[in-house]
Amino acid sequence: MSLKKNKVKFNICNVHYALQTITEDGQVSFGAPVPMPGAVSLALDANGEPSNFYADGYAYYTISNNMGYDGDLELAMVPENFRTDVLKEELDNNKVLVENANVETANFALLFEFDGDVKKIRHVLYNCAASRPSIESSTNEDEIEVQTETLALTATPLANGYVKAKTGDDTEDTVYQKWYSEVYLPAAEAGKPAEPAVQSASASAKGSTSAKTASVKEG
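Residues numbered from 1 in each chain as written. Predicted model: local features only at pLDDT ≥ 70, side-chain atom pairs only at ≥ 80, totals over all residues. Heavy atoms only, no water.

### Focus: the overall build of the chain
1) Next: Looking only at helices and strands, the chain features 3 helices and 14 strands.
2) Next: Across the 219 residues of the chain, 27% fall into the buried class.
3) Next: Sequence-distant contacts, at least 24 apart, represent 65% of the contacts inside the chain between residues at least 6 apart.
4) Next: Total accessible area on the chain is roughly 14,400 Å²; 50% of this is exposed by carbon and sulfur atoms. (Helix = DSSP H or I, 4+ residues; strand = E, 2+ residues; numbered from the N terminus. Buried < 20%, exposed > 50% of the residue type's maximum accessible area, 1.4 Å probe, protein only. Contact = heavy atoms within 4.5 Å. Areas by Shrake-Rupley, 256 points an atom, 1.4 Å probe, with all protein chains shown as cover.)

Given below as structure tokens:
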């Protein structure tokens, strides 16, 4: 257990995205996280507030309404691989990026971290969608002003209710160190079976291999 705990946080860095895949039976998996360099800022507001059901003249029941988060991710430039993987822009035979209104964008997990005075705090948002960045720039004057690009993000709950996860003061070091190797999925609680609706791509591959091995042994 760590004796020192973060008192403050600052600076966003280490932004990654991991493509999400949903099978016909609703199984969710994630690809390997891909770096998104050049993060400038991240601002996400909670979406959904509790509402009250009134009976007998008072708030009889409070209804939870966690709809995730909405906000912006500002980058020096949106990486080309994010444009092709998530925004689904297409590279033609001349390696020119083409935007096609008939192609749907992809959902993804967003991973990132904030610096702390003791230890970095690592996050993952499981079910994100991004809109196309605006096209804008301006002429140079006395000084060159860098023109950033901003992605409007929406992070909504998965079917099983998971919205996000982040490392804490006493997160296991093995989990902390592997944060950007694969998308972290919640561990099963004591006495409760593991949640089957979401899995990482690596876990899915291991399961497939095990199934094939069992089939060979039975044969």
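### Focus on a negative patch on the surface
1) Next: Taken together, the side chains of Glu141, Asp142, Glu143 and Glu145 define an acidic patch exposed on the protein surface.
2) Next: Within the fold, glutamate 143 resides in the loop between strand E11 (121–130) and strand E12 (149–155).
3) Next: Classification of glutamate 143 by relative accessible area gives exposed; the value is 67%. (Patch = residues over 30% accessible without salt bridge, like charges linked within 9 Å, V, L, I, M, F, W, Y side chains within 5 Å. Salt bridge = Lys/Arg side-chain N within 4 Å of Asp/Glu carboxyl O. Lys, Arg positive; Asp, Glu negative; His and termini not counted. Charge placed at Lys NZ, Arg CZ, Asp CG, Glu CD.)

### Notes on the nonpolar core
Nonpolar side chains in soluble globular proteins tend to end up buried together.
1) Next: The biggest cluster of nonpolar side chains holds 21 residues, and the ones touching the most others in it are Phe82, Phe108 and Leu110.
2) Next: Contributing elements (two or more residues each) for this core: strand E1 (9–22), strand E7 (69–75), strand E10 (108–116), E11 and E12.
3) Next: Ranked by residue count, the leading element in this core is E10, at 4 residues.
4) Next: Excluding anything up to four places from it in sequence, leucine 110 contacts Val15, His16, Leu73, His123, Val124, Leu125, Cys128 and Leu153.
5) Next: In terms of nonpolar packing, the next biggest core, distinct from the first, is built from 12 residues, Ala18, Leu111, Val124 and Trp179 among them. (Core = buried A, V, L, I, M, F, W, Y, C linked by side-chain atoms within 4.5 Å.)

### Comments concerning the pattern of salt bridges
1) Next: In total, this model carries 7 salt bridges according to the counting rule given.
2) Next: Ionic pairing is found between glutamate 89 and arginine 83, a salt bridge with its closest N-O pair at 2.8 Å.
3) Next: Exposure remark for glutamate 89: the relative accessible area of 9% places this residue in the buried category.
4) Next: Of the charged contacts in the structure, one is a salt bridge between arginine 132 and glutamate 99, with a shortest N-O distance of 3.1 Å.

### Looking at a nonpolar patch on the surface
1) Next: A cluster of nonpolar side chains, Phe53, Tyr58, Tyr60, Tyr61 and Ile63, forms an exposed patch at the surface whose accessible area comes to about 560 Å².
2) Next: If you tally residues by element for the nonpolar patch, the top one is strand E6 (residues 58–63), at 4 residues.
3) Next: Within the secondary structure layout, isoleucine 63 lies in strand E6.
4) Next: Classification of isoleucine 63 by relative accessible area gives partly exposed; the value is 38%.

### Some details on unusual backbone geometry
1) Next: Backbone geometry places asparagine 11, a non-glycine residue, at a positive phi of 65°.
2) Next: With respect to the secondary-structure elements, asparagine 11 resides in strand E1.
3) Next: For asparagine 11, a relative accessible area of 44% puts it in the partly exposed group.
4) Next: Its identity is not glycine, yet lysine 88 carries a phi of approximately 65°, on the positive side.
5) Next: Of note, lysine 88 is situated in the loop between helix H1 (80–85) and strand E8 (90–91).

### Focus on the pairing of E1
1) Next: Note that E1 and E10 share 8 bridges and pair antiparallel. Each bridged residue has a counterpart across the sheet, and for histidine 16 the counterpart in E10 is leucine 111.
2) Next: Taken together, the 2 bridges between E1 and strand E3 (residues 34–35) define a ladder with antiparallel strand orientation. Paired with tyrosine 17 across the strands is valine 34, a residue of E3.
3) Next: For E1 and strand E2 (residues 28–30), the ladder comprises 3 bridges, and the chain directions are antiparallel. Paired with glutamine 20 across the strands is phenylalanine 30, a residue of E2.
4) Next: Linking two consecutive strands that pair antiparallel, namely E1 and E2, is a turn of 5 residues; a positive phi of about 90° is found at glycine 26 within it. (Pairing = 2+ DSSP bridges.)

### Thoughts on the side chain of aspartate 115
1) Next: Mapped onto the secondary structure, aspartate 115 falls in strand E10.
2) Next: A polar side-chain atom of aspartate 115 sits 2.8 Å from a polar atom in the side chain of asparagine 11.
3) Next: Engagement of the side chain of aspartate 115 in a polar contact is seen with the side chain of lysine 120, the distance being 2.4 Å.
4) Next: In this view, aspartate 115 contacts Val8, Lys9, Phe10, Asn11, Cys13 and Lys120; residues no more than four positions away in its chain are not counted. (Polar contact = N/O pair within 3.5 Å; in protein donor to acceptor, adjacent residues only side chain to side chain.)

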